[in-house]
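# Notes for the structure review
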Amino acid sequence: MKKFTKKQMVATGAVAIIAIGGISAGIISHNNNVHAQQVAKTKAHDAKVKADKKAKAEHLAKEKEAAQQKQVATLLATATANPSDNAIKAANDSIAKLTDQKEKAKDNELVKALNARLSLIKKAEAAVKDYQGHATDANKQKVAQEAINNLKDKNDQDVKSQLQKLFDDSNKQAQDAAKSAQASQTASSTTGTNKNDKSKDTQTNDNPAVVDSGTNNQATSNVNSGNNTYVPNTPNTGGGSNTAPNGNSGGSASNSNSNNTSNNGGGNANNNNNNNSNNNNGGGNVTPPATKYIAWVKDNTTGQMLFSQECSSWASASAAASSFMNSAAVTNLIFDGHDVHSGVNQA
C-alpha cells in the first residue's frame, strides 16, 4: 500500500472538506427552496380561502338586502292602500334595515307622502265627527266638507266616500230638523191666527115681521161680539105711546140708551127693543197648548233606538240629540261602520 506523504494528506483532506461543504450547501439550498414553495402554497391557499369567504359573504349580503327590499316593498304597498300609524311604523322599521343608501332614501320619500295622506285623513275624520255633533253649525259644516275635498289621492277614495256619506246624512238631518222646526212654528202661528179670527166680532141680526093689531110691536135682536151698536126706535105715526128701550151688554161693560119719540095720539103702541150682547168665553184669545219636541238618536244598522227625550223647545231637543251623538258609545258605533242618525220630532 502506497503511503501518502504529509503534504499529500493535507491536500487530500482539503479536497474532502471542500466536497463535503459543497454537498451540505446543496442540501441546505434544496431545503430552503422546498420551504419557500410550501410557504407560497400556504399563502395562496389562505388567500383563496379568504377570497372565497369574502365572495360568499357578499353574496349573502346581497341576498339579505334583496329580501329586505322585498319586505319593504310589501309593507309600503300595504300602507299605501290603507295608511295607518301601525302600517307606516312597520314600513319605517323595515327601511331602517336597508344598507343600500340610495334605495333607503327613495323609500323614505314614499313614507313622507304616506304621512301626509294620513294627516289629511285624520283631519277629515275629526272634522266630520265634529260636524255630526253640531250639524246646525254652518262653520263646522264648511270645515268638514273642505277636509273631505282635500282627500285627492286615488287610494283614499273609499275613505273619502265613507266620510262624505256620514257628512251628507248629518246635513240631511239638520235640514229636516230645520224644516220641522219651521213647520211647527208656522203651524203654531197659524193656529194662533185662526183662534184670533174666531174671536173677532161677528154680528147676527134677527128682525121679525111687524104685526099690526092695534099695537105695533117691533123687536130687534142684535147679537154683537166685541162692538156696541145703538139702534134708535122707529117713530109711530099711528098714535099712542112709543117707547124704545135700547140695552147693550158686553162682558165687563154695559151701555143703556133710551130714546122716546113723540106720542101721536094713536091707539097703537110701538115698542122697539134692541139688545146687544157681547160674550167672549175666556175673556180674550185662547192660548194654544205648549208644543213638545222629542229628541232621538237611532242606529239604523240594527234598528235600535239609542236615545229619546221629551223637551219643551226645538233648540233644547236639538242640543240633547247633539250631546248624545257626541258620546263615546255613538262615536264607536259610527267608526265601526254603523249608520247612526239623530233628529227632533214634534210630539
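Keep in mind that what you see is a predicted model, and the values were worked out from it rather than measured.

Here we have 3 strands laid out as an open sheet, ordered 8-7-9, and antiparallel in their pairing. At either margin of the open sheet sits one strand with a lone partner, and together these are strand 8 (304-311) and strand 9 (340-346). Here the average twist between neighbouring strands, direction ignored, is 15°. Judged from the 7 bridges that link them, strand 7 (residues 293-299) and strand 8 form a sheet pairing that is antiparallel. Looking at the pairing, Trp296 lines up with Ser308 of strand 8. Across the sheet, helix 6 (residues 314-325) touches strand 7, strand 8 and strand 9, and the angle it forms with strand 7 is around 20°. Against the sheet, helix 7 (residues 328-335) makes contact with strand 7, strand 8 and strand 9, and its axis sits at roughly 125° relative to strand 9, the strand it touches most.

On average, residues of the protein chain score 73 in pLDDT, and 63% of them reach the 70 mark or higher. Confidence scores differ between elements of the protein chain, with strand 5 (residues 253-260) showing the lowest mean pLDDT of 39 and helix 2 (residues 85-95) the highest of 95.

Where charged atoms from two side chains of opposite charge come close, those side chains can pair. Tallying each qualifying case throughout the model produces 11 salt bridges. Of the charged contacts, one joins Lys165 and Asp169 as a salt bridge, the two residues approaching to 3.2 Å between their closest N and O atoms. Of the two residues, Lys165 and Asp169 are both situated in helix 5 (residues 157-198); the distance of 4 residues between them amounts to about one turn of the helix. Salt bridges sharing common partners tie together Arg117, Asp153 and Asp156.

Turning our eyes to something else, we now look at the environment of Val128. Structurally, Val128 is set in helix 3 (residues 101-133). Linking Val128 and Gln145, residues 17 residues apart in sequence, is a C-alpha distance of 7.9 Å. What Val128 contacts, discounting residues up to four positions off in sequence, is Ala144, Ile148, Leu163, Leu166 and Phe167.

The rules behind these values
Residues numbered from 1 in each chain as written. Predicted model: local features only at pLDDT ≥ 70, side-chain atom pairs only at ≥ 80, totals over all residues. Heavy atoms only, no water. Pairing = 2+ DSSP bridges. Helix = DSSP H or I, 4+ residues; strand = E, 2+ residues; numbered from the N terminus. Axes fitted to C-alpha atoms, helices over the stretch in contact; angles between N-to-C directions. Contact = heavy atoms within 4.5 Å. pLDDT = per-residue confidence, 0-100. Salt bridge = Lys/Arg side-chain N within 4 Å of Asp/Glu carboxyl O.

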